[in-house]
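# A closer look at the structure
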Amino acid sequence: CQRSLSDYLETKRKKFPRFYFISAPDLVDVLSKGKHPPAVQEHFYKFTDAIASIGWLENPETGQEMGVADRMAASDGEMVPFGLPCECRGAVEDWLSRLMRHCASTLRDQLGDSVNAYLEMPRDKWIGEYCAQLILTTSQIWWTSEVNQAFERLEQGNESALKDYAANVVGGLNSLTTMVLGELTKGDRMKIKTLITIEVHARDVLNRLV
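What this report covers is the structure whose coordinates are included nearby. Note that the structure is a prediction, hence the values are computed from the model and not measured. (Residues numbered from 1 in each chain as written. Predicted model: local features only at pLDDT ≥ 70, side-chain atom pairs only at ≥ 80, totals over all residues. Heavy atoms only, no water.)

### Brief notes about helix α8 (residues 186–209)
Quick note on the threshold: The secondary structure listing takes helices from DSSP runs of H or I that are at least 4 residues long and strands from runs of E that are at least 2 residues long, numbered from the N terminus. Here, expected helix span is obtained from the residue count minus one, scaled by 1.5 Å. Partly exposed describes any residue whose relative accessible area lies between the buried limit of under 20% and the exposed limit of over 50%, with all areas from a 1.4 Å probe on protein chains only and scaled to the type maximum. In what follows, a contact means two residues having at least one pair of non-hydrogen atoms within 4.5 Å.
The terminal C-alpha atoms of α8, which comprises 24 residues, lie 35 Å apart, in line with the 34 Å expected from a rise of 1.5 Å per residue. The complete set of buried residues in α8 reads D188, K191, I192, L195, I196, E199, A202, V205 and L206. Residues of α8 that are buried sit in contact with α5 (123–129), α6 (132–155) and α7 (161–180).

And the structure:
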């Protein structure tokens, strides 16, 4: 019986490799609850890096959670809504695979929006609009792009191009410092403090380049 169970669990792990991160008893529990997706999420933190829970749509008639996901939440409470809901039906390993892809595609789509909004929105509004992962990634994308532009201006004869951009980065850091001293939610304060850490490193790299 034990050997048969192990073989069965191995077939499930091959279909959804994240199951290798959880014990056999936990996997049996996941499989037994797979028909009701909200009951599975107590195990999510064991096979994802930062997703603590998934938000589920509720049946308007009964008020019970259905197997349709509309958002994800991190262990620190940060919430990321899905652009489109994800229906979790069928074998648990299949709908978990779809859900993980849906989470990744949601962040990919929102990253494109964040990159475009970086120059269009006031910085305080932009920071509040997107999750920390997207804020940090967008910041580094634009920093890389703007450093490249500074090198191009340098090649065209503007000898102070890198120094000018370094001054802009310091100005941005000063504005972040002012923001972090103001009234913020716990999540936004953590985002800004982490962004300051990244941008201090960016400033130091720029100074070495100069």
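### Looking at the nonpolar core
Note the threshold: Nine residue types can take part in a nonpolar core, namely buried Ala, Val, Leu, Ile, Met, Phe, Trp, Tyr and Cys, and a core is a set of them joined through side-chain atoms within 4.5 Å.
If you look at the biggest cluster of nonpolar residues, it comprises 44 residues, and the most contacted ones within it are F44, I54, W95 and L99. Top contributing element to this core by residue count: helix α4 (residues 92–120), with 10 residues. Apart from the residues lying within four places of it in its own chain, the contact partners of W95 are G34, P37, V40, F44, W56, C88, R89 and G90. Membership of the second largest hydrophobic core comes to seven residues, among which are V147, A150, Y165 and L206.

### Remarks on the sheet that holds strand β3 (residues 79–87)
Filter applied, for reference: DSSP calls a pair of strands paired once it identifies at least 2 bridges connecting them. For helices, the fitted line uses only the C-alpha atoms of the stretch in contact; every axis is such a line through C-alpha atoms, and the angle between N-to-C directions lies from 0 to 180 degrees.
On the basis of which strands lie adjacent, the open sheet formed by three strands has the order β1-β2-β3 and antiparallel pairing. Each end of this open sheet is capped by a strand with a single partner; those strands are β1 (51–58) and β3. Between one strand and the next, the sheet's axes are offset by a mean angle of 35 degrees, whatever the strand orientation. Relative to β3, strand β2 (residues 65–74) runs antiparallel, the two being bridged by five bridges. By the bridge assignment, A73 is partnered in β3 with M79. Lying over the sheet, α4 contacts β1, β2 and β3, oriented at roughly 130 degrees with respect to β3.

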